[in-house]
Each structure stands twice: as C-alpha cells, then as structure tokens.
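Residue strings, one per chain:
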Amino acid sequence: MEGETEEELRTRTERKVKKAAQLLFFRQHRIPGVKGWELKKALGDDYVEVIGVLNSALDKLGMEVKRISEEGGGEGEGKEKRAERDRFMIVLKSPVIEKASGERIDNVAMLSATLAYIISKQGKASRKAVEDFLSAKFPKQRIYFALDRYIKQGYVGEADKVLYIGWRARAEVDRKALLDLILGA
Amino acid sequence: MENYKNPGKQMKFGELFRLLNFCRTIQTEGTDPFDLDVKKFLETLKQYHKTKKWKSLDDLLLDAEAIAELAKIIELQGKWIKDRSSSFYIDPVLLELKLKMLEPQQLATAFFNSWHPIIAMDRITPQRLQEGLAYWNALLPFDERNDEFPFPSAIESAFGIEDLIELNILSKTEFDDSIKAVLNDLEARGRIEYHDFIYGDAFETSVKKAYLTSYLVNEGKAELDINPLEEEVFISPSNNANVNAKADHAQGRSIPVSLSYEDWLRWKEKQKRN
C-alpha cells in the first residue's frame, strides 16, 4: 500500500498469514480445505502470495499447502480465475510418520489396490470391474462395504456405476509414487 | 425411416449404424479408440454422399450424428496418446498382475509411502455454539414434527409368527414342534459352521431352517459365534442352565447372515466334492 512503512507491511503480512493458517487448518466445510475465492475474500487480491509465505513457514514443520484443481472451467480460463476455483489444503509434506491412520491393514491394502487399478485404467473403471478385481483376495461383502466407505471418505468417486479417483486421493496420494512403489515391490 | 424402403440404402445404413454403435461402445467401455478406422469411416460416409445423395431430414441428421460421434472418437484418440506419453502410463495388464501378486501388507506399505494426509481440525467456536442454541430455540417440539419422522406403515413390516398363526397359515403346536426339531438337531451336531447347519438338500427347507434357527438364537437356546475377519459364523446350542438368564438379560441385537440360492448351490457342490 502507498505510504506504508516496512514495519507496517510486515505486520499486515503476518496478520494475513495467521488468518490464512486459521482458514486452512480449521475445517469450514464438510470437505477440508478452502476455495481460492474464499481465500481471496478473506485475504485480498494478493492471497496467492500470502499462501506462498505460509508455505515457507509450514515447510519447516514438514507440511505444505496443496492446491487441487477442480474440474470444469473453459480452455480460455485465465490463471487467476482458475486459482479462485481451486481448493487449497494443508497436507503432510513427506510420509515420515509411521502411523497416521487407525485403518485396518487389509482396508488400506484394498484402498491401495483400488486406486492403483483405477489409475492404470486412465482414471476410471466400472465398479463391477473393481469389485471383480478385488474379489481375488477379499470376500465380496467386505469389498462392497469398503468401496462404499472409500466413496464416503472421498478417496474414490462414483458416477453411473463408474469409479474414479476422488478429491481426497487427488489431494493426499502421490499417484506416481504409489504406482512406482507397487511395481517396485 | 423412409429410406429403409430402398434396399441399397438399407445396406449402407446398416454399415453406418454399426459404425455409430462401435463409436458409442468405445466411449462407454473405454476400449482403445484406435480400434476404429477413422479413414474407413469417412470413406463410407463419402461413398454414401456420392451414390445416394442425402436429401431428407433423417439423412442429414444421421450424417450430423456420424460426424459428431467421429469427432468424439478423435478427441479420445488425442487423450489416449496424451495418457500413454505421460509418466503416469503403466501397462494395465502388468499392474493388475503385480497387484494380484502382492500381499496386503505390501500394498498397504506402498499406500502409506505415497500418502500425504490432509491436516484439518474441527473446533466448536463460541459463535457456532450460539448458532446451535438459536437453532435449538427455533426448533418445534418433537411431537409437533411427526411429519419429518413418519412411522413405517404396517403393510411394510414383516409378518411375525403371531400373524401367521392368526391367518391360520401355521399352528402354534406345529411351530413349536419345528423349533424343537431344529434344536434337537443342533444339540446332536454340537458347535458347527452356521451354513453347514442350515443348508440341506433343498433350498426351500434351508430357508425354513434358517428362519426357525433365528428363533432359537433369539430365545437364547442357541449361540452365534462370529469371526468377522474370516467371515465365519458358528452356531452352537446354549448351556441350558443359562438360557433363561440370557433371554432375560441379553441386550437385543440383530445379526444379519446372508443366504442365497447361489451360495446354497456352491455349498452343495462343495459337499459333493467332499
């Protein structure tokens, strides 16, 4: 801002970074994270820069702000408009902690196999194909229950009996690393 | 369509419809879009233009539909090339094979090593508490909101044993005798896998036995022992001394155990093999 001293600028930025951290750490909606337009409304036009400053602070704690692109928007949509539609959320930067989930090992295995299978089918596969694939190792009843749960949790999406990678897997799972790890195991 | 009256056109339409269906199959099944020969498709259309002269509205609509479907396939071909050239592309067959070979533990480890969990917390703020209180205050008493929670109509509820007796479908003595017979059978066989106990030579009698067995469990005369990990259910007769106590004090719970004709057939096959 015009006529603003360096001290005032720093205080203003710190205030905005604090606000951004609160918005991103505490859940506002059913789905975690905040949309770009919400951040813009709360932090101002320079919200992308503010997120950049927050990111450097989080980096020291092993976390980062992840930006997830949402479907839709035309080809000619500008960078700014796209950022407003995108969802921002904080994730663990590197998978360092031993256990960050109370999930049973076989449920995680099923999720891992489901995601890898869907990714290998270019991002979508019929629910029946996934069920048949999983049934080689798990009872059908368990598979139905597990798939419904992954859909509810956001790891997998479903439309017209076709499964696709859900918003949560897009945010949390490094898909390339998952496939590399599976192939290299 | 009027044009079908002309046998020459009918033949060509057949070819065109076959190609259109093939385009739709590629889109819905996600098969290789390069299975469609685009050049041949266009040549067929061109030939038809030359020889038959499309004039009617139906002809023109079909022509437009064919071009639109072809455009979708070309778009899919572009996407397919893009996917294959990306670093994400891995032969699905190879991956499927690998997934089948891996142990659940290895799959879970791969997931955890590529997982960056979202960090999000829930917190009730004083403002949110105030909103909750305002909602509570504005809410009508429960008995004034019956429409929001309608009771299921009587017709939807299942027939109980009393209903069957009342309708003279079953007599109380007949029912008691059947229950007793099932209990005697269970006592003779001891602890046994539930399906092995229920299933018999006919599917109908198996369902009847399952129905009667549910009464034994309900009355505390039989016990179900479930191993959810292995998906096994065992049934055993209860200790007679505790039956009444159990029936009086046990907290009611429902245990769904599925029975199906296919499952019964599989069981029969297994019995034959053994």
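Residues numbered from 1 in each chain as written. Chains lettered and ligands numbered in written order. Predicted model: local features only at pLDDT ≥ 70, side-chain atom pairs only at ≥ 80, totals over all residues. Heavy atoms only, no water.

A. Layout of the interface of chain B and chain A. If you look at the interface, chain B gives 37 residues, while chain A gives 51 residues. Of the roughly 4,300 Å² buried at the junction of chain B and chain A (both faces included), carbon and sulfur atoms supply 69%. Sorting the residues of chain B by area buried against chain A places B:H116, B:I118 and B:I119 first, and these three jointly supply 17% of that buried surface. We note a salt bridge from B:E96 to A:K121, for which the minimum N-O separation is 3.3 Å. (Contact = heavy atoms within 4.5 Å. Buried area = accessible area lost by both parts, 1.4 Å probe. Salt bridge = Lys/Arg side-chain N within 4 Å of Asp/Glu carboxyl O.)

B. Quick look at the pattern of salt bridges. Residues and elements named next belong to chain A. Tallied over the entire structure, the rule returns 23 salt bridges over all chains. Taking the shortest distance from any N to any O, the salt bridge between E7 and R10 comes out at 2.9 Å. A residue pair is termed a helical-turn pair when its members lie 3 or 4 positions apart in one helix, as E7 and R10 do in helix 1 (residues 6–25) at three residues. Relative accessible area serves as the criterion here: at 45%, R10 is assigned to the partly exposed category. In this structure, K176 engages D180 in a salt bridge whose closest nitrogen and oxygen atoms are separated by 3.1 Å. Of this pair, K176 and D180 are both found in helix 9 (residues 175–184), four residues apart, which corresponds to roughly one turn of the helix. The exposure class assigned to K176 is partly exposed, which follows from its relative accessible area of 31%. Taking relative accessible area as the criterion, D180 reaches 39% and is therefore assigned partly exposed. Residues joined by salt bridges that share partners form a network here, namely R127, E131, D148 and E158. (Helix = DSSP H or I, 4+ residues; strand = E, 2+ residues; numbered from the N terminus. Buried < 20%, exposed > 50% of the residue type's maximum accessible area, 1.4 Å probe, protein only.)

C. Broad picture of the sheet that holds strand 2 (residues 222–227) of chain B. Residue and element names in this part refer to chain B. Overall, antiparallel pairing links the three strands, which are arranged 1-3-2 in an open sheet. Each end of this open sheet is capped by a strand with a single partner; those strands are strand 1 (192–193) and strand 2. Both strand 1 and strand 3 (residues 232–237) contribute to a ladder of two bridges, which runs antiparallel. When the bridges of strand 3 are listed, E193 appears paired with F234. Taken strand by strand, helix 8 (residues 172–189) contacts strand 1, strand 2 and strand 3, and its axis lies near 100° from that of strand 3. (Pairing = 2+ DSSP bridges. Axes fitted to C-alpha atoms, helices over the stretch in contact; angles between N-to-C directions.)

D. Examining the packing of aromatic side chains more closely. All names here are of chain B. Summed over all chains, the structure comprises 10 aromatic pairs over all chains. Where F111 meets F112, the ring centres are 6.0 Å apart and the plane angle is 65°; that geometry is what we call edge-to-face. Overall, the relative accessible area of 3% leaves F111 in the buried class. Judged by centre distance (5.8 Å) and plane angle (55°), the ring pair of F112 and W115 falls under tilted. When the ring centre of F234 is taken as reference, the NZ or CZ atom of R191 above it lies at 4.2 Å. The ring of F197 is capped by K209, whose NZ or CZ atom sits 4.2 Å from the centre of that ring. (Phe/Tyr/Trp six-rings, centres within 6.5 Å; stacked < 30°, edge-to-face > 60°. Lys NZ or Arg CZ within 6 Å of the ring centre and 35° of its normal.)

E. Summary view of the nonpolar core. Formed by 37 residues in total, the largest nonpolar core has its most connected members in A:L115, A:I182, B:L99 and B:F111. Mapped by element, the contributors of at least two residues to this core are helix 5 (105–120), helix 6 (127–134), helix 7 (140–153), strand 6 (162–165) and helix 9 of chain A together with helix 4 (92–101) and helix 5 (104–113) of chain B. For this core, the element with the most residues is helix 5 of chain A, which contributes 10 residues. Sequence-distant contacts of B:L99, that is, excluding residues within four places in its chain, are made with A:A113, A:A116, A:Y117, A:F133, A:K137, A:I182 and B:L107. (Core = buried A, V, L, I, M, F, W, Y, C linked by side-chain atoms within 4.5 Å.)

F. Structural view of the pairing of strand 6 of chain A. All names here are of chain A. In terms of strand pairing, strand 4 (residues 124–126) meets strand 6 through three bridges, oriented antiparallel. Pairing of K124 across the sheet is with Y164, part of strand 6. Where strand 5 (residues 156–159) lies against strand 6, four bridges are found, and the strand directions are antiparallel. Counted as the bridge partner of A159 is V162 from strand 6. Counted along the chain from strand 5 to the antiparallel partner strand 6, the turn is two residues long, and its residue D160 has a positive phi close to 50°.

G. The sheet that holds strand 4 of chain A, seen in detail. Residues and elements named next belong to chain A. Ordered in space as 4-6-5, the three strands form an open sheet in which the pairing is antiparallel. Edge strands, defined here as strands with exactly one partner in the open sheet, are strand 4 and strand 5. This sheet shows a mean twist of 30° between the axes of neighbouring strands, independent of strand direction. Where helix 5 meets the sheet, it contacts strand 4, strand 5 and strand 6, and its direction lies at approximately 95° from that of strand 6.

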